[in-house]
Amino acid sequence: MAEEIKAHITGVVFQITTKPGDAVAAGDPVIVLESMKMEIPVEAPRAGTVKEIRVAEGQTVQEGDTVAVID
Amino acid sequence: MFRAVLVANRGEIARRIIRGCHAVGVRAIAVYSEADRDAPHVRDADDAVAIGPAPARDSYLSGAAILDAARGAGADAIHPGYGFLSENWQFAEACGKAGFVFIGPPPDAIRQMGDKTEARRAMAAAGVPVLPGSDGPSADVAQALGVAERVGFPVMLKAAAGGGGIGMARAADPAELERSFASASRRAQSAFGVGALYVERYLARPRHVEVQIFGDGRGDVVHLHERECSVQRRHQKLVEESPAPNLGAGTKRGLVEAAVAGARAIRYANAGTIEFLVDADGRLYFLEMNTRLQVEHPVTEEVSGVDLVAAQLRVAAGDGLPWTQDAIVQRGAAIEVRVYAEDPARQFLPSPGTITRLDIPGGDGLRIESGVVAGSVVTPHYDPLLMKIIAAGPSRDAAIERLTAALDALVIDGVKTTAPFLQRVLAHPDFRRGAVHTQMVEQGAFNG
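Thresholds applied
- Residues numbered from 1 in each chain as written.
- Chains lettered and ligands numbered in written order.
- Predicted model: local features only at pLDDT ≥ 70, side-chain atom pairs only at ≥ 80, totals over all residues.
- Heavy atoms only, no water.
- Buried < 20%, exposed > 50% of the residue type's maximum accessible area, 1.4 Å probe, protein only.
- Helix = DSSP H or I, 4+ residues; strand = E, 2+ residues; numbered from the N terminus.
- Axes fitted to C-alpha atoms, helices over the stretch in contact; angles between N-to-C directions.
- Parallel < 35°, antiparallel > 145°, perpendicular 65-115°, else oblique.
- Contact = heavy atoms within 4.5 Å.
- Nonpolar A, V, L, I, M, F, W, Y, C, P; charged D, E, K, R; others polar.
- Buried area = accessible area lost by both parts, 1.4 Å probe.
- Salt bridge = Lys/Arg side-chain N within 4 Å of Asp/Glu carboxyl O.
- Polar contact = N/O pair within 3.5 Å; in protein donor to acceptor, adjacent residues only side chain to side chain.
- Pairing = 2+ DSSP bridges.
- Core = buried A, V, L, I, M, F, W, Y, C linked by side-chain atoms within 4.5 Å.
- Domains from an automatic or database assignment.
- Phe/Tyr/Trp six-rings, centres within 6.5 Å; stacked < 30°, edge-to-face > 60°.
- Lys NZ or Arg CZ within 6 Å of the ring centre and 35° of its normal.
- 1 Å grid on protein atoms, 1.4 Å probe; cavity = no way out; pocket = protein on both sides within 12 Å on 5 of 7 lines; lining within 4 Å.
- Points joined across faces, edges and corners; volume = space filled by probe spheres on them.

Caption draft 1: Examining helix α10 (residues 297-304) of chain B more closely. All names here are of chain B. α10 sits mainly inside the fold: seven of its eight residues count as buried. Of all the residues in α10, the buried ones are H297, P298, V299, T300, E301, V303 and S304. One or two steps after α10, the chain reaches G305, where phi turns positive at roughly 75°.

Caption draft 2: Geometry of the packing of helix α5 (residues 107-114) of chain B against helix α6 (residues 116-125) of chain B. Residue and element names in this part refer to chain B. Closest axis-to-axis distance for the α5/α6 pair is 5 Å, and the angle between their directions is 100°. As far as their axial angle goes, α6 and α5 are roughly perpendicular. On the side of α5, the interface is formed by R111, Q112, M113 and G114, while α6 contributes K116, E118, A119, A122 and M123. Split by residue class, the contact of α5 with α6 holds four nonpolar, two polar and three charged.

Caption draft 3: Region of the structure containing the interface of chain B and chain A. In this complex, chain B contributes 16 residues to the contact, which on the side of chain A involves 15 residues. Of the roughly 1200 Å² buried between chain B and chain A on both sides combined, carbon and sulfur atoms contribute 65%. Between chain B and chain A we count one salt bridge in total. In this structure, B:D383 and A:K37 form a salt bridge, with 3.1 Å as the shortest nitrogen-oxygen distance. At the junction of chain B with chain A, the criterion picks out four residue pairs in polar contact (both at pLDDT 80 or more).

Caption draft 4: Structural detail: the sheet that holds strand β8 (residues 197-201) of chain B. Residues and elements named next belong to chain B. On the basis of which strands lie adjacent, the open sheet formed by three strands has the order β7-β6-β8 and antiparallel pairing. Edge positions in the sheet fall to β7 (169-171) and β8, since each of these pairs with one other strand and no more. Direction aside, the axes of adjacent strands within the sheet are offset by 30° on average. As judged from the five bridges shared by strand β6 (residues 155-159) and β8, these two strands associate in the antiparallel manner. Bridge pairing in β8 places M156 opposite E200. Relative to the sheet, helix α7 (residues 141-151) contacts β6 and β8, its axis offset from that of β8 by approximately 10°.

Caption draft 5: Spatial organisation of the nonpolar core. All names here are of chain B. Core analysis: the biggest nonpolar cluster contains 70 residues, and F214 and I389 have the highest contact counts within it. The element contributing the most residues to this core is helix α11 (residues 308-316), with six residues. When residues are assigned to domains, this core turns out to be shared by domain 1 (4-103) and domain 3 (207-432), each giving three or more. The residues contacting I389, other than those within four sequence positions of it, are I335, E336, V337, V339, L366, R367, I368, L403, A406, L407 and L410. Formed by 28 residues, the second largest nonpolar core is a distinct cluster that contains A8, I66, L67 and I78.

Caption draft 6: Examining the packing of aromatic side chains more closely. One pass over the structure, following the stated rule, counts six aromatic pairs over all chains. Sitting over the face of the ring of B:Y202, B:R170 holds its NZ or CZ atom 4.4 Å from the ring centroid.

Caption draft 7: Seen up close, empty space enclosed by the protein. Residue and element names in this part refer to chain B. Enumeration over the complete set of coordinates arrives at two cavities of 30 Å³ or more. Space inside the largest cavity adds up to approximately 40 Å³. Counted by class, the lining of the largest cavity contains six nonpolar, six polar and one charged residues. Three or more residues apiece are contributed to the lining of the largest cavity by two domains, here domain 1 (4-103) and domain 3 (207-432). Estimated volume of the second largest cavity: approximately 40 Å³. For the second largest cavity, the full set of lining residues is E228, C229, S230, V231, V239, E240, E241, F431 and V436. Elements with a minimum of two residues in the lining of the second largest cavity: β10 (221-233) and β11 (236-242). With four residues, β10 is the single largest residue contributor to the lining of the second largest cavity. When its residues are assigned to classes, the lining of the second largest cavity shows five nonpolar, one polar and three charged.

Written out as structure tokens, the structure reads:
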């Protein structure tokens, strides 16, 4: 079942470390946000396959925004 | 003295420097990114110039945009503050070539102290104690392993091209060093553009004590005593004070003599800080030199009665040092706490947002250095420091009491802050006895 991965803080997308089709384990970083000079990974909540990345590098995301979807 | 100084920074430090300019009768010119159009530092200045979009690399880190702003506004000097371009020797050099005085040391001192292994060598040559470790940077893990085997585990891996705790990792054994090297190197590469690391012997539970120095560039150097800065998270300071509590007279003398000798050896000019680690036996070791004004400079000002920013302007304008060593005396005690937009309950995660309410405390012996006002938007683009609260008093206990009352009265709504955590630090029996070390926060000593 598809599950949305949400940003847990407000930040700027620093790096996209996965792409659709990638297998991820629970806790793997899907994207990395930069906020207030810190790099903060947004992690997969469970094992699965990345279905969709909804953000681009440099984009500002708010806490609670969906950044990716995993299957 | 200068006609006008461009302040190449934002937040509380830009406001502090603008005040310093006004104290010596100089016009202050602010710069601002699109996100900072309505920021307090813009209003404080005599003139303000837009320098680009919100991301720091396009605005406050753009040397070209800042030099353009300085030309357009008729400035004859540039004060970099801390962070951003303050320790970028190429920027300091570009200021000089463009005809502006860079308010700080010459580019070569910035370059030399920014290269952390070269700084180690220069300080060791001046007789300043350094930790056993690398003679130069290690680009690969095999070389770092060799140094670690020589000095003995555990060791610290550190970024050769920069400080501030970025790209730092502790390794207890060869396997951990091999695992940590790649990630530390990647972080160093991303922050400083150089992935090389160096190795130093690890000290368990050291104190961080630093010495404020000031040089005239011709070999005359004075010290303005020490600051204790051991309460840190992620190798960044949260609480600073002067004098350092429970510092033996021999250790104190060793610190200030080493700092002055080190600064003299490199013919240092303007304000600088030499940081040391002090072990449980009072032995001191050079950590790094910061070739700029420090965040925590107010505690030194409060106990010594000097204006460090005004002194920076005077020395940069070609005057000699404004004080002799004998005239710089520590009186009473001063403590600073840093109020960051971070959530201490979530491992100090950044907490951007809009400040919906702000009640700033006042009273005897209190000094507030704030970069925000009610309504300020705290963006994810910059450092999370909101304000510093500094309390001074005739004794350390009196300063702690004033600071505690100030934090009780402080109200910041809209973002999470470190204020509740700082309250727990000030109330902690180990802090009260002055028994602090750099690993207390990570070890959970102040968890609520």
